[in-house]
Amino acid sequence: MWSTAREIAAGDVVIAWMTRDIVQPLVVTPGKELNSKYGYYRHSELVGVPYGSKIRSRNGKGFIHLLRPTPELWTLALPHRTQILYLADIAFVVSWLDLKPGSNVIEAGTGSGSFSHSVARTIGPAGHLWSFEFHETRANKAKEEFSRHGMDGVVTLTHRNVCKDGFTVVDTVDAVFLDLPAPWDAVEHAKQALRKDRTTRICCFSPCMEQVLRTVSALNEAGFTEITMYETLLRPHQVDAAPPLTPVSVVGEKLKQSEARREEKRLRQIANARAGAERRAAKRKAEDDDTLEGTEGKRAKTAGQSAAAGTSVADAASAPVREVAQEAAGATKICLSKTFPEVRGHTSYLTFAVLLPATVMSTVLAVSTSEQPSTAVSAEPTPPPPSAVEVSDCDCCIFRGEGWRS
Amino acid sequence: MDVGEGSSQSNHALSNREETIQLGHTVLLKIPSGDIRTVKLEGNATIYLGKFGSFPTSELVGQPFGLTYEIVDKKLKVLPPRPMQEVEDTEATNELIHDGQFVQPLTLEEIETLKKSGLHASEIIKKQIEQHANYSLKTEYSKEKYKKRKEMKYSKSFSVIEPTMFNVCEYWFDKDQNRLRDIRPDALAQILNLANVRPGGRYLAVDDASGVVVSAVLDRLGGQGRLLTICDVDSPPAYPVMTQMNFRKEVTSIMSSLNWATADEDYTPILASTEPPSGKFKSDGQRTRLNKRKVASDLLMQTREELFAGEFDGLIVATEYDPYSILEKLFPYLGGSASIVVHSPYVQVVTNLQNQLRDIPGYLGPAVTEGFLRKYQVLPGRTHPMMNASGSGGFILHVIKIYDDESAVSVMQHRHRKKAKLGSEDVSARATPTGGAKEEEAQSAGASSATLTSIVDTDAGEVDKRTS
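Given the structure is predicted, the values throughout are model-derived calculations rather than measurements. (Residues numbered from 1 in each chain as written. Chains lettered and ligands numbered in written order. Predicted model: local features only at pLDDT ≥ 70, side-chain atom pairs only at ≥ 80, totals over all residues. Heavy atoms only, no water.)

### What to know about the overall build of chain A
Part 1 of the reasoning: Summing up its helical and strand segments, chain A has 12 helices and 14 strands in all.
Part 2 of the reasoning: For chain A, the accessible surface area stands at approximately 18,400 Å², while carbon and sulfur atoms represent 55% of it. (Helix = DSSP H or I, 4+ residues; strand = E, 2+ residues; numbered from the N terminus. Areas by Shrake-Rupley, 256 points an atom, 1.4 Å probe, with all protein chains shown as cover.)

This is the structure:
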C-alpha cells in the first residue's frame, strides 16, 4: 500500500494537512509546485523530508503538514464520487466481519473507495479484496486510485453489476460487504462466493429500514443465521478552556453593591434636592430679611455629603477584591466539553449475519425446521429479561403490519 | 479488472488460531439462558453445564467454532441453525388476559418429573402449552415469546461462540465493563482503525484494560510486526482477555513488555549477576539457572534499546494513569505522522488531555469523540431497538505526531500578534505554538463562536455529506 519509509520519496502519495477542514492528497512529483492559500511549495523540496513534518512556505508565509496516508486520512481527503462510509461504520463492519491479516473479502460496490482502503490495510498483502462497481467511470477511477496507492496486489476491481451477474469467485471469501441499493438481490450470489469450510460473515449496509427488512428476509431464506442489526455513530466533542463558573454569591454581592449605590444615589439626590430647596428658600429668605437663619440648611448639606463619602469608600474597597477574583479565575481555566450542536444523526443500518459451514447447513435441508426444538442459535442473541419482554409486547403493535411482507 | 483475477491468490496465510477446537483452548459456551461460560478444555475431562447437562471434552475437540449442540446421553449432536419464523397476524389482543390469573395447572413438581423422565424439551413445552388456560388468547407474537422463554429453561443445548475479537470483547464487556475500562466492541474497532494498526506495523500499547487492546492489536498484526507494551507490574503483565482468543504462539511472540521503571531511559535496571560468584559454575543446575537469567536480562536490555530507538508507528493508551504523563514519556519514541489514540471511560480525562495537547507543538489536530451504538432486534414483524442498551463505550482522543518547525509562521500572523511565551494568559498566544494556519481556521484555544463552528464540521473527519 502506501510508503512505509521514514522519508518522503518522489512519487509517494502524501496527505497535505492545511487545516482540519482542508486535507488534500498529493502525489509528490518533482518539477511540480503546490500553490495555495497556505503557501507556496516545490515538490522537489518535499523529497527526503520525514513524514509528519511541518513545512514552511517558500515565501515564509504559512505552512502545511505532510502526513503519511492512512485509510482514515484518506476518508477525509478522498475525491467524493459517491456518498462514502466514515470511520464509525467502517471500523465496526471490519470488526464484526472479523477481518484481519489474510482475510479474503468481497465488497460491492466500490463507490469512492473509502471502505476499500480500510479493508486493504487490515487484511494486508496476505489477504485479498474483490471489489465490484457497476458504474464504469467510477470503476475506472477507483482502479487508477488503487494502482497509484500500490494496492494492485491486494485488490481486484471488477466492473460488474453483481445483482444481475453475481461475483467472480466461488467458495472463496471469508466475508462479504454489500453497499448496494438492493442488497437482497445479491444475497444468493454472496452465499455462492463465501467459503463453505468454515463460518463466514456478511454485512449489508442500507440507510432505510424498508431495505433492512427485505434484506433480513433474503438472508433468512438463504440460510444465514445470527441475523443482527446495528446502528453506530460518532459524537465529536467540542472542548473549551473557560474561566471557572462564577458562584451566585459573587453575583449576589454585585447586586447588593449596585443596590447600595442606587440607594446612595437616591439619598444624594434627595439631599441635593432638599439642600437646593433650602438654598432657594434661604435665598428667598435672605432676600426677604438678610439674617443668619441659613445655618440649618448648611448643616443638612454637610450631613448628606459625609454619608455619600462613606459609601464611596466602601465601594472603592470592594472593587479590587472582585478584580483579584477574576484574575485568579483567568489563570486557572477549567476544561469543559460538550457535543457539537450539529452531528450526523444517521448513516446506515448495518445488518449482519453468519453462514455456518456446509456440513451443518446440509443437515438443515434434511430436517423439517418447523418442528425443531429451539436452540441458542437464534435471531435474538441476547434475549431481553422477562420484564422487558412484556413491555415490548405492546411496542410490537406499532411495528406490526409495516413493510415486512411488502 | 479481469474477471476471476486474483482467485488464485486465495492465500494460505496461517490464521491467528487453529481452525477447529483443540485441547488447551479456552472456549466460550453460550447456554440457553443466554449466559456464557468460559471453559478450558483439558484432556480426559468432563464439561458440566449444570442443569443443561454434561459431556466429555473430547466431544468438542476437532469441531469448528460457532456451532450449536444438543446434549444427548453425554454426547453432542449438532443442531441445524433455525431460520426465523414468520408470525401470522391474528385478531388476538391481550384485552382478556389479566395479570395474576391462574393459567398453568402443571405444577413445578410435575414438570420436574417430566424432565427426569428424559422427555425432550420440546415435549415438555408442548405439554405446558396444552395445559395453559389462556394460550389460545395470546397473540402469535406473544406465543412465540412464550415458547422461547420455555425453551431457554428446558432445552439441553448450547453454542460455542466463535472467538472473534468482536465476540470476545462483547463477552467481557457484558460480563464486567469496568475491567475493560468501558472499551465496547465499537470503541475497540475505532481504536484499531484510528491507530492505523496493520500487519507489519510497530506499535506501543499501554493496556490496563485486561488486555483487550493488546489482544486486538495482536489479532490485527497476525504475527507480523511488533508490539511493545508498557505495564505497571514487575512481572510479565497478565492480559486475561487474550486467553479466549486462543492465539497461536506465532501471533503472541511478536509482543514484549516493559514496565514504567524499565521503560525509563534514565534508569538502569538492577539485574542480578549472571556470572557465578566464584568465576566457575558450581553445578549444571547453577549453569542453567544463570544462563536463563542471562537470556532474560539480555532480552530486557534489547527491548529497552528497541523502545529507545523509537520510530514506532502508533501508540494506544487505555490506562488508569495520567495519560499526559504517558504521552510525555512515549512521544519521543514515535515516528513522524504516528497516530496516538487514548481511550478513557471518563470524558474529563480525554478533554483535559486535549486541552493540554493543543498548546504543544508536535501534536496535530487532537479530537475527542464518543461512540454511539444501538442494537436492534430483527424478527419478522418485530423489528425495534433492543430494550436494554449499553450507555457508554468510553471516549477516544486521537492525535497525530508531527515534527515541528519553529520557524514556520502562519499566513495569518499579521492578525495574531505572536506572543513569545507559552502559558501566557492571552488566548491567541496559547494557540501560537501549534499556531499558524490551524489557529486561523480551527484551532484557536479560545472559545470564540466562529472558531467553534469551524471545528464542528471537521472533528474526527465527520463532515456531513451523507444527507439524503
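### Some thoughts on the overall build of chain B
Part 1 of the reasoning: Within chain B, the regular secondary structure consists of 14 helices and 15 strands.
Part 2 of the reasoning: For chain B, with 468 residues in total, the buried portion stands at 53%.
Part 3 of the reasoning: Here the analysis covers contacts within chain B between residues at least 6 apart in sequence; of these, 67% occur between residues at least 24 apart.
Part 4 of the reasoning: Here chain B has roughly 21,200 Å² of accessible surface; of this, 50% comes from carbon and sulfur atoms. (Buried < 20%, exposed > 50% of the residue type's maximum accessible area, 1.4 Å probe, protein only. Contact = heavy atoms within 4.5 Å.)

### As for the nonpolar core
Part 1 of the reasoning: The biggest cluster of nonpolar side chains holds 87 residues, and the ones touching the most others in it are Leu60(B) and Phe158(B).
Part 2 of the reasoning: The element that contributes the greatest number of residues to this core is strand β14 (residues 349-355) of chain A, accounting for six residues.
Part 3 of the reasoning: When sequence neighbours within four positions are dropped, the list of residues in contact with Phe158(B) reads Leu29(B), Lys30(B), Ile31(B), Leu49(B), Phe55(B), Leu67(B), Thr68(B), Tyr69(B), Ile71(B) and Leu76(B).
Part 4 of the reasoning: Counting 46 residues, the second largest nonpolar core, distinct from the first, contains Ala91(A), Ala189(B), Met245(B) and Phe247(B). (Core = buried A, V, L, I, M, F, W, Y, C linked by side-chain atoms within 4.5 Å.)

### What to know about the UniProt feature "binding site: S-adenosyl-L-methionine" (unreviewed entry) in chain A
Residues and elements named next belong to chain A.
Part 1 of the reasoning: If you check UniProt for "binding site: S-adenosyl-L-methionine" (unreviewed entry), the listed places come out as Glu-133 and Asp-179 in our numbering. These annotated residues cover 47 residues of sequence, and their C-alpha atoms all fall within 10.3 Å of one another, placing them together at a single site.
Part 2 of the reasoning: Along the polypeptide, Glu-133 turns up in strand β8 (residues 128-133).
Part 3 of the reasoning: Apart from the residues within four sequence positions on either side, Glu-133 is in contact with Gly-109, Thr-110, Gly-111, Arg-138, Ala-139, Thr-158, His-159 and Arg-160.
Part 4 of the reasoning: Within the local environment of Glu-133, its side chain forms a polar contact with the backbone nitrogen of Gly-111, the two atoms lying 2.8 Å apart. (UniProt positions renumbered as here; feature names shortened; annotations may be inferred. Polar contact = N/O pair within 3.5 Å; in protein donor to acceptor, adjacent residues only side chain to side chain.)

### Some thoughts on a positive patch on the surface
Residue and element names in this part refer to chain A.
Part 1 of the reasoning: Among the surface-exposed residues, Arg-279, Arg-280, Lys-283 and Arg-284 lie close enough to one another that they form a single positively charged patch.
Part 2 of the reasoning: When you line up the elements, Arg-284 lands in helix α9 (residues 248-288).
Part 3 of the reasoning: Look at Arg-284 and you get exposed, because its relative accessible area is 51%. (Patch = residues over 30% accessible without salt bridge, like charges linked within 9 Å, V, L, I, M, F, W, Y side chains within 5 Å. Salt bridge = Lys/Arg side-chain N within 4 Å of Asp/Glu carboxyl O. Lys, Arg positive; Asp, Glu negative; His and termini not counted. Charge placed at Lys NZ, Arg CZ, Asp CG, Glu CD.)

### A few points about the packing of helix α10 (residues 323-330) of chain B against helix α11 (residues 347-357) of chain B
Axes are the key here: two packed helices are described by the angle between their axes and the distance separating the axes.
All names here are of chain B.
Part 1 of the reasoning: Here α10 crosses α11 at 45°, and the two axes come no closer than 9 Å. It follows that α10 is oblique to α11 by the angle criterion. The segment α10 lies against α11, with Pro-323, Tyr-324 and Leu-327 engaging Val-349, Leu-353, Gln-356 and Leu-357.
Part 2 of the reasoning: Each residue belonging to the contact of α10 with α11 can be placed in one class, and the counts come to six nonpolar, one polar and no charged. (Axes fitted to C-alpha atoms, helices over the stretch in contact; angles between N-to-C directions. Parallel < 35°, antiparallel > 145°, perpendicular 65-115°, else oblique. Nonpolar A, V, L, I, M, F, W, Y, C, P; charged D, E, K, R; others polar.)

### Here's the deal with a nonpolar patch on the surface
Part 1 of the reasoning: A cluster of nonpolar side chains, namely Val248(A), Val251(A) and Leu255(A), defines an oily patch on the protein surface of about 300 Å² accessible area.
Part 2 of the reasoning: Within the secondary structure, Leu255(A) is located in helix α9.

### Examining the sheet that holds strand β5 (residues 53-56) of chain A
Residues and elements named next belong to chain A.
Part 1 of the reasoning: The four strands are arranged β2-β1-β6-β5 in an open sheet whose pairing can be described as antiparallel. Single-partner strands in this sheet number two, and they are β2 (23-27) and β5. Geometrically, the sheet is characterised by an average inter-axis angle of 35° between neighbouring strands, direction not taken into account.
Part 2 of the reasoning: Here β5 runs beside strand β6 (residues 63-67); their pairing, made up of four bridges, is antiparallel. Within β6, the position partnered with Arg-56 by the bridge is Phe-63. (Pairing = 2+ DSSP bridges.)

### Concerning the pairing of strand β7 (residues 157-161) of chain B
Residue and element names in this part refer to chain B.
Part 1 of the reasoning: Among the five residues that make up β7, five are buried, leaving the element largely enclosed by the rest of the structure.
Part 2 of the reasoning: In β7, alternate side chains face the same way, and those of Ser-157, Ser-159 and Ile-161 on one face and Phe-158 and Val-160 on the other are all buried.
Part 3 of the reasoning: Inspection of the sheet shows strand β1 (residues 26-30) paired to β7 by three bridges, in the antiparallel sense. Each residue of the ladder has a partner; that of Leu-29, found in β7, is Val-160.
Part 4 of the reasoning: In the sheet, strand β5 (residues 68-72) pairs with β7 via three bridges, with the strands oriented antiparallel. Within the sheet, the bridge partner assigned to Glu-70 lies in β7 and is Ser-157.

### Some words on helix α4 (residues 114-123) of chain A
Residue and element names in this part refer to chain A.
Part 1 of the reasoning: Burial analysis of α4 places 10 of its 10 residues in the buried class, which makes it a mostly covered element.
Part 2 of the reasoning: Among the residues making up α4, those that are buried are Ser-114, Phe-115, Ser-116, His-117, Ser-118, Val-119, Ala-120, Arg-121, Thr-122 and Ile-123.
Part 3 of the reasoning: One or two positions beyond α4, positive phi appears at Gly-124, with a value near 70°.

### Looking at the packing of aromatic side chains
Each pair of aromatic rings is reported with the distance of its centres and the angle of its planes.
Part 1 of the reasoning: Summed over the entire model, instances satisfying the criterion amount to 17 aromatic pairs over all chains.
Part 2 of the reasoning: Arranged with centres 5.4 Å apart and planes meeting at 85°, the rings of Phe92(A) and Phe166(B) form a pair that is edge-to-face. With one member in each of two chains, Phe92(A) in helix α3 (residues 87-96) and Phe166(B) in helix α4 (residues 165-175) form a pair that bridges those chains.
Part 3 of the reasoning: On the basis of an interplanar angle of 5° and a centroid distance of 5.1 Å, the ring pair of Phe55(B) and Phe158(B) is categorised as stacked. Of this pair, Phe55(B) sits in strand β4 (residues 54-56) while Phe158(B) sits in strand β7, and the two are 103 residues apart along the sequence. Across the pair, exposure class does not vary: Phe55(B) and Phe158(B) are buried alike.
Part 4 of the reasoning: Just above the ring of Phe63(A) sits the side chain of Lys54(A); from NZ or CZ to the centre is 4.4 Å. (Phe/Tyr/Trp six-rings, centres within 6.5 Å; stacked < 30°, edge-to-face > 60°. Lys NZ or Arg CZ within 6 Å of the ring centre and 35° of its normal.)

### A short note on the confidence of the model for chain B
Residues and elements named next belong to chain B.
Part 1 of the reasoning: On average, chain B scores 82 in pLDDT, and the residues at 70 or more come to 84%.
Part 2 of the reasoning: The least confident element of chain B is helix α14 (residues 449-458), whose mean pLDDT is 34; the most confident is strand β8 (residues 202-207), at 98.
Part 3 of the reasoning: Counting interchain partners and residues more than four positions distant, the pLDDT-below-50 stretch residues 1-12 has 27 contacts.
Part 4 of the reasoning: Overall, residues 414-468 carries pLDDT values under 50, and its contacts beyond four positions in sequence, including any with other chains, amount to 119 contacts. (pLDDT = per-residue confidence, 0-100.)

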